[in-house]
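Topology and contacts: notes
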Protein chains: 2
Amino acid sequence: MATKNPSTEEARIRQLSDDWVAAVRSKDLNAVMNLYAPGILVFDLPGPLQYEGKDAYRQNMKEWFESFKTIGYEIRSLTISAGPDVAFAHSLNHISGTRTNSEETDVWVRATVGYRKNDGKWRITHEHFSTPFEMTPPYKALLNLKP
Amino acid sequence: MATKNPSTEEARIRQLSDDWVAAVRSKDLNAVMNLYAPGILVFDLPGPLQYEGKDAYRQNMKEWFESFKTIGYEIRSLTISAGPDVAFAHSLNHISGTRTNSEETDVWVRATVGYRKNDGKWRITHEHFSTPFEMTPPYKALLNLKP
């Protein structure tokens, strides 16, 4: 039975976001993938312009996990707009941790996530991660901005 | 009276997107701003990380318009998820045209837009524009990618 109360749906999206962060922190590829709809379309930090479908994105996520010894991940200023079966959220996400090559990562990125509810279950159908970039050559990504 | 038919709402979001493109092509600042909710939050191509509120973003949009002699703007692969009062869309947007300094602009960017309906009227509450960037120093924005 569909729940029509938007605030209930918002709470469910917040829980899904918490589950996503927990899965990323523990580098649990299957747990992350369980939160995605099969047709997910992702605009990620590295190229290409987009990843279409769960299989394409799974490989990307796998390699990303493998590049970290430990991943720190924090979602700040999460703002959710939720209807009965369509929702989106935006936030500022802090990625930190130690890479397998021992480099330290410490960057804030902008995140927008889209959700749809099918058969009573919310899934992520769209992710968009980015940083802004300098408007003059060589058009460097702005990796040192903080909220 | 709220319309519950999602496909009707999707058609309205598509119209709003068309109106936005027409306003941008004609550099009509007021027409663009009329499509935004007062509390709009924007993740734009240049820094800072975010623009909060219509007034902050208006100044940015004004300067962007003034930097162009003529703006070409095309939205491709627009995919809309619309509920009765919350919707989001993603697309690949082609920005082209001649700058006031006579330089030519020709870049594809990723776009995600969030919408809410209040008092029967859809407004844009969130925009996220970006390009991916190279994962090695100097972390250049990838401005030559094409869909």
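Residues numbered from 1 in each chain as written. Chains lettered and ligands numbered in written order. Predicted model: local features only at pLDDT ≥ 70, side-chain atom pairs only at ≥ 80, totals over all residues.

1. Thoughts on the relation of the copies chain B and chain A
With an axial shift of 0.0 Å and an RMSD of 0.0 Å, the rotation relating chain B to chain A amounts to 180°. Taken together, these values place the two copies in the relation of a two-fold axis. The rotation axis passes nearest to the C-alpha of K140 of chain B in chain B, at a distance of 2.2 Å. A shared binding surface is used by both copies, with 100% of the interface residues of chain B retained as interface residues in chain A. (Least-squares fit on C-alpha atoms with pLDDT ≥ 70 in both. Contact = placed C-beta atoms within 7 Å.)

2. Comments concerning the pairing of strand 3 (residues 68-82) of chain A
Successive residues of a regular strand alternate their side chains across the two faces of the sheet. All names here are of chain A. Across 12 bridges, strand 3 lies against strand 4 (residues 86-99) in antiparallel orientation. In the sheet register, I75 faces strand 4, and the bridge partner there is N93. Counted between consecutive antiparallel strands, the loop separating strand 3 from strand 4 contains 3 residues. (Pairing = 2+ DSSP bridges. Helix = DSSP H or I, 4+ residues; strand = E, 2+ residues; numbered from the N terminus.)

3. As for the sheet that holds strand 5 (residues 104-118) of chain B
Residue and element names in this part refer to chain B. The 6 strands are arranged 2-1-6-5-4-3 in an open sheet whose pairing can be described as mixed. Two strands close off the open sheet at either side, each with one partner strand: strand 2 (51-52) and strand 3 (68-82). Note that strand 5 and strand 6 (residues 121-130) share 9 bridges and pair antiparallel. Residue T112 lies in a different strand from strand 6, and its bridge partner there is H128. On the sheet, helix 3 (residues 54-66) packs against strand 1 (36-43), strand 2 and strand 3 and is oriented at approximately 65° with respect to strand 1. (Axes fitted to C-alpha atoms, helices over the stretch in contact; angles between N-to-C directions.)

4. Considering unusual backbone geometry
Residues and elements named next belong to chain B. Residue G47 is joined to P48 through a cis peptide bond whose omega torsion reads 5°. With respect to the secondary-structure elements, P48 resides in the loop between strand 1 and strand 2. Along the chain, P137 connects to P138 via a cis peptide bond; the corresponding omega equals 5°. Mapping P138 onto the fold places it in the segment after strand 6. Non-glycine residue S77 carries a positive phi angle of around 55°. Tracing the chain through its elements places S77 in strand 3.

5. Brief notes about the sheet that holds strand 4 of chain A
All names here are of chain A. Sheet architecture is open: 6 strands sit in the order 2-1-6-5-4-3, paired in mixed fashion. Pairing within the sheet leaves two strands with one partner each, and these edge strands are strand 2 (51-52) and strand 3. When strand 1 (residues 36-43) meets strand 6 (residues 121-130), the two strands line up parallel, connected through 4 bridges. In the strand pairing of strand 6, L41 is matched with H126. Set on the sheet, helix 3 (residues 54-66) makes contact with strand 1, strand 2 and strand 3; between it and strand 1 the angle comes to about 65°.

6. Quick look at the environment of A37 of chain A
Residues and elements named next belong to chain A. Relative to the helices and strands, A37 resides in strand 1. In the structure, A37 is positioned 16 residues away from G53 in sequence and 8.2 Å away in space, judged by C-alpha atoms. For A37, the residues in contact, after removing those within four places along its chain, are R116, R123, I124 and T125.

7. Topic: the confidence of the model for chain A
Averaged over every residue, the pLDDT of chain A is 94; residues scoring 70 or more account for 96%. For this predicted complex, the interface confidence reaches an ipTM of 0.94, while the overall pTM sits at 0.95. (pLDDT = per-residue confidence, 0-100.)

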